[in-house]
Amino acid sequence: MRRVLILGGTAEARALAAELADVPSVHVVSSLAGRVTNPRLPVGEVRSGGFGGPDGLATWLAAERIDAVVDATHPFAAQMTASAAEASARTGVPLLVLRRPGWPQGPADTWQRVDSLEAAATRLAEAATARLAIAKPVEPTEGTTESAGPVRVFLTTGRRSLPVFTGLAGVWLLARSVDPPEPPVPPHVHVLLDRGPYTVEGELALIREHRLDVLVTKDSGGRLTAAKLVAARELGLPVIMVDRPPLPTGVRLVETVNAAALWAQG
Ligand code: NAP
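Just so you know, these numbers come straight off a predicted model, no measurement behind them.

Novice: So what about the pairing of strand β1 (residues 2-7)? Which residues, and what values?
Specialist: Counting buried residues in β1 gives 5 out of 6 residues, a clear majority hidden from the surface. Sheet analysis places β1 next to strand β2 (residues 26-32), joined by 6 bridges and oriented parallel. Within β2, the position partnered with Leu5 by the bridge is Val29. Each parallel crossover has a hand, and for β1 linked through helix α1 (residues 11-21) to β2 it is right-handed.

Novice: Describe the packing of aromatic side chains, with residues and values.
Specialist: For the coordinates displayed, the defined rule picks out 1 aromatic pair. Between Phe51 and Trp60 the ring centres are 5.4 Å apart and the planes differ by 70°, which places this aromatic pair in the edge-to-face class. This pair shows no difference in class: Phe51 is buried, exactly as Trp60 is. One residue, Arg152, lies across the ring of Trp172, its end atom 4.0 Å from the ring centre.

Novice: Tell me what's going on with the pairing of strand β12 (residues 214-218), and back it up with residues and numbers.
Specialist: For β12, the buried fraction is high: 5 of the 5 residues fall into the buried class. Burial along β12 is two-sided: Val214, Val216 and Lys218 and Leu215 and Thr217, pointing in opposite directions, are all buried. Here strand β9 (residues 151-155) runs beside β12; their pairing, made up of 3 bridges, is parallel. Note that in β12 the partner of Val153 across the bridge is Val214. In this sheet, strand β13 (residues 239-242) lies alongside β12 in parallel orientation, the contact comprising 4 bridges.

Novice: How would you explain the sheet that holds β13 if you had to name every residue and give the values?
Specialist: Pairing is parallel in the open sheet, where 6 strands are placed in the order β6-β13-β12-β9-β10-β11. Of all the strands in the sheet, the pair left with one neighbour each is β6 (111-114) and β11 (189-193). Going across the sheet, the axis of each strand differs from the next one's by a mean of 20°, ignoring polarity. Where helix α4 (residues 117-133) meets the sheet, its contacts fall on β6, β9, β10 (171-177), β12 and β13, and the angle it forms with β13 comes to roughly 160°.

Criteria and cut-off values
- Residues numbered from 1 in each chain as written.
- Predicted model: local features only at pLDDT ≥ 70, side-chain atom pairs only at ≥ 80, totals over all residues.
- Heavy atoms only, no water.
- Buried < 20%, exposed > 50% of the residue type's maximum accessible area, 1.4 Å probe, protein only.
- Helix = DSSP H or I, 4+ residues; strand = E, 2+ residues; numbered from the N terminus.
- Pairing = 2+ DSSP bridges.
- Right-handed = clockwise from strand over helix to strand, strands pointing away.
- Phe/Tyr/Trp six-rings, centres within 6.5 Å; stacked < 30°, edge-to-face > 60°.
- Lys NZ or Arg CZ within 6 Å of the ring centre and 35° of its normal.
- Axes fitted to C-alpha atoms, helices over the stretch in contact; angles between N-to-C directions.
- Contact = heavy atoms within 4.5 Å.

Laid out in structure tokens, this is it:
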């Protein structure tokens, strides 16, 4: 029996576990970080919680007699991927990274690509400053200006990224996440608890209802959360797109569940 560890927390990881469940020569253990209150569970054996860095993972792989690891974590789970690469190099247990492709930018999209959440926050701060600068003078003699109102941001980068954005002056946030962010949540942040998949109609309605000016998101890829980008395109809403962190050098990469399932069977 070939023992395969799937590092999960994604739809692809669940699909891979389901596909391998039908293969009699393979036993799968799926691993979740254990952060989400009510996670969607894959079929088969599931373990939960961190391993304790690369050392802990290497020890766990040996103790559980794991023959192969598929890292099917989210493209932004960079720490887990780095840990898996290091543990694999140390133990000799082969590693495959399964990553869905990023979202393609079309000609009608107005995206600004940035390489970090902090860079996205800087772009928002610039937008807020520019908005204040074009505010109309009301009483030029007294030097007062009409309030331009905050830049209204649709933020879908995850609850743990919220502190990067909450200190920005002139910015109001609609922050959508699966679980609530750590309190206290400042008054200029409206939290929307929801979990995909989302529809284009729903995203259009949300953008209109909250009069949103800009979408800030990570290049997660995949169909489940792509509707916001279609809605942004339809409404001409600018998007600040945070690029994926790079993969560790030398890791083997596939983009489809089928390819990962074939590899996992040896
Ligand atoms: P991360 O920053 O790369 O990982 C932080 C630590 O959490 C890891 O070092 C590891 O702890 C533990 N961990 C992460 N994924 C794990 C897994 N599948 N099984 C066991 N331990 C895991 O990861 P993250 O960005 O917080 O993501 C956590 C989980 O949520 C992942 O499973 C990921 O697939 C899923 N997810 C993430 C995002 C996102 O935007 N980042 C979105 C959707 C789903 P130790 O060092 O102690 O081993």
